[in-house]
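Residue strings, one per chain:
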Amino acid sequence: MYRLIMAIRPDALPTDPAALTEMVLALDVENEKLRVAMQALKEMIFGKRSERLATLVAEQLALELDDLETGATPPAAANDDAAAAKPSDKPRKKARRNIGALPKHLPRCEQVLEPEATACPCCQGKLHKIGEDVSEVLDIIPAILRVLRTIRPKYACRGCTDGVVQAKVLPRLIESGMVLTALVSHVVVSKFAWYLPLHRQVQILAGQGVHLGRSTLAGWVKRAAWWLKSLYELQLRTIQAAPRVFCDETPMPVLDPGRHRPRICQFWAHAMDDRPWGGPAPPAVAYVFADGRGTEEIAAQLTGFSG
């Protein structure tokens with residue numbers, strides 16, 4: 001390229017015809033390469049997807065060649081990837097907007113705002129109701145922690161000493177714990193359904209004056225998993241009994257303090273869905289956690305599957 005840009009002086013030309021022929025052929029080859037490169041650059045700058053090279057200015061590509069249109073300026077960046085919209089004869093549908101249409105299944109709590117005085121300001125007569133304006137707004141009651149006190153009275157017979165009667169203790173998810181099943185369920189749902197880690201739930205509870213350790217909440221989750229294990233196994237057996245089972249694996253990093261770096265485990269999803277084939281089985285999915293690559297664990301779970 002440097003030889004092409006420099007002006008070739010007559011006194012620098014060789015006098016040998018063979019050398020002149022070789023020079024002309026070399027310059028022709030170099031010119032052809034430059035023409036191909038310039039054409040590619042012009043297509044990238046002035047053609048489709050030109051916004052990707054919008055940072056290149058025209059001065060960087062002005063090589064003062066006869067076949068390059070240096071006077072042209074790059075167009076403004078535009079969305080050239082989208083196809084041109086075709087005119088449609090159909091009228092455009094009006095956008096649907098939710099203006100004041102609150103869900104009907106939510107409970108309604110009414111408050112009536114009466115005026116300060118119900119006497120006529122002119123004649124002081126008693127005013128009567130002629131109508132009303134009703135407006136609805138969405139409200140929320142934040143989660144309230146409460147202490148549920150269970151009182152079990154004891155009744156005894158005055159005539160004998162063996163006639164003591166008392167109601168039985170209601171069953172709990174954690175028998176020896178001071179927590180009700182509703183709170184344990186709330187912690188489990190917040191962690192696995194709404195992706196709220198246990199340490200953040202500890203901070204939320206501390207904000208309401210209840211100070212608990214993360215290990216305590218982890219024990220609640222473990223106990224809830226123990227109760228749900230039989231239901232999970234039944235769901236997994238039901239899925240693997242279907243004629244078609246879909247499996248997918250997702251890498252899951254797990255903390256490993258001894259190695260100072262997380263180890264990669266696997267989450268395997270087993271699912272069935274007969275809706276595309278018109279089958280009677282409802283869709284269902286079960287997740288299996290495998291420590292490590294999980295090849296042996298998944299192979300053991302699919303043992304006997306003939307679908």
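Quick note: structure is the one above.
Residues numbered from 1 in each chain as written. Predicted model: local features only at pLDDT ≥ 70, side-chain atom pairs only at ≥ 80, totals over all residues. Heavy atoms only, no water.

### Re the pattern of salt bridges
Under the definition given, this model contains 6 salt bridges. Taking the shortest distance from any N to any O, the salt bridge between arginine 35 and glutamate 32 comes out at 2.9 Å. Of this pair, arginine 35 and glutamate 32 both sit in helix α2 (residues 17–46), 3 residues apart, which is roughly one turn of that helix. Its salt-bridge partner being arginine 275, residue aspartate 273 comes within 2.9 Å of it at the nearest N-O pair. (Salt bridge = Lys/Arg side-chain N within 4 Å of Asp/Glu carboxyl O. Helix = DSSP H or I, 4+ residues; strand = E, 2+ residues; numbered from the N terminus.)

### Some remarks on the packing of helix α4 (residues 198–207) against helix α5 (residues 214–240)
Remark: α4 packs on α5, axes separated minimally by 9 Å, with the N-to-C direction vectors making an angle of 115 degrees. As for how α4 packs across α5, the hand of that crossing is right-handed. Side by side, α4 and α5 meet where Leu198, His199, Gln201, Val202 and Leu205 of the first sit next to Arg214, Leu217, Ala218 and Val221 of the second. Class assignment for the residues of the contact of α4 with α5 results in 6 nonpolar, 2 polar and 1 charged. (Axes fitted to C-alpha atoms, helices over the stretch in contact; angles between N-to-C directions. Left-handed = near helix turned anticlockwise from the far one by under 90°. Contact = heavy atoms within 4.5 Å. Nonpolar A, V, L, I, M, F, W, Y, C, P; charged D, E, K, R; others polar.)

### Quick look at α2
The end-to-end C-alpha separation of α2 is 43 Å, in line with the 44 Å expected for 30 residues at 1.5 Å each. What α2 keeps buried is the set Glu30, Leu34, Met38 and Ile45. (Expected span 1.5 Å × (residues − 1). Buried < 20%, exposed > 50% of the residue type's maximum accessible area, 1.4 Å probe, protein only.)

### Quick word on the nonpolar core
Ranked by internal contacts, the top residues of the largest apolar core, which has 13 residues, are Val184, Val187, Leu217 and Trp220. Per element, the largest residue contribution to this core is 4 residues, and it comes from α5. Every residue in contact with tryptophan 220, bar those within four places of it in the chain, is listed here: Ile174, Val179, Leu183, Val184, Val187 and Leu212. Counting 10 residues, the second-largest nonpolar core is a separate cluster that includes Ile239, Ala242, Val288 and Ile298. (Core = buried A, V, L, I, M, F, W, Y, C linked by side-chain atoms within 4.5 Å.)

### Concerning the sheet that holds strand β3 (residues 246–254)
In space, the 3 strands of this open sheet follow the order β3-β4-β5, with antiparallel pairing throughout. In the strand order of this sheet, the two ends are held by β3 and β5 (284–290), each with one partner. Along the sheet, successive strands turn relative to each other by an average axial angle of 25 degrees, direction set aside. Of the strands in this sheet, β4 (263–272) and β5 touch α5, which is tilted by about 110 degrees from β5. (Pairing = 2+ DSSP bridges.)

### So, the pairing of β4
Relative to β4, β3 runs antiparallel, the two sharing 9 bridges. The residue of β4 that forms the bridge with glutamate 249 is tryptophan 268. Examined bridge by bridge, β4 and β5 share 7 bridges and lie antiparallel to one another. Looking across to β5, one finds that phenylalanine 267 is bridged to phenylalanine 289.

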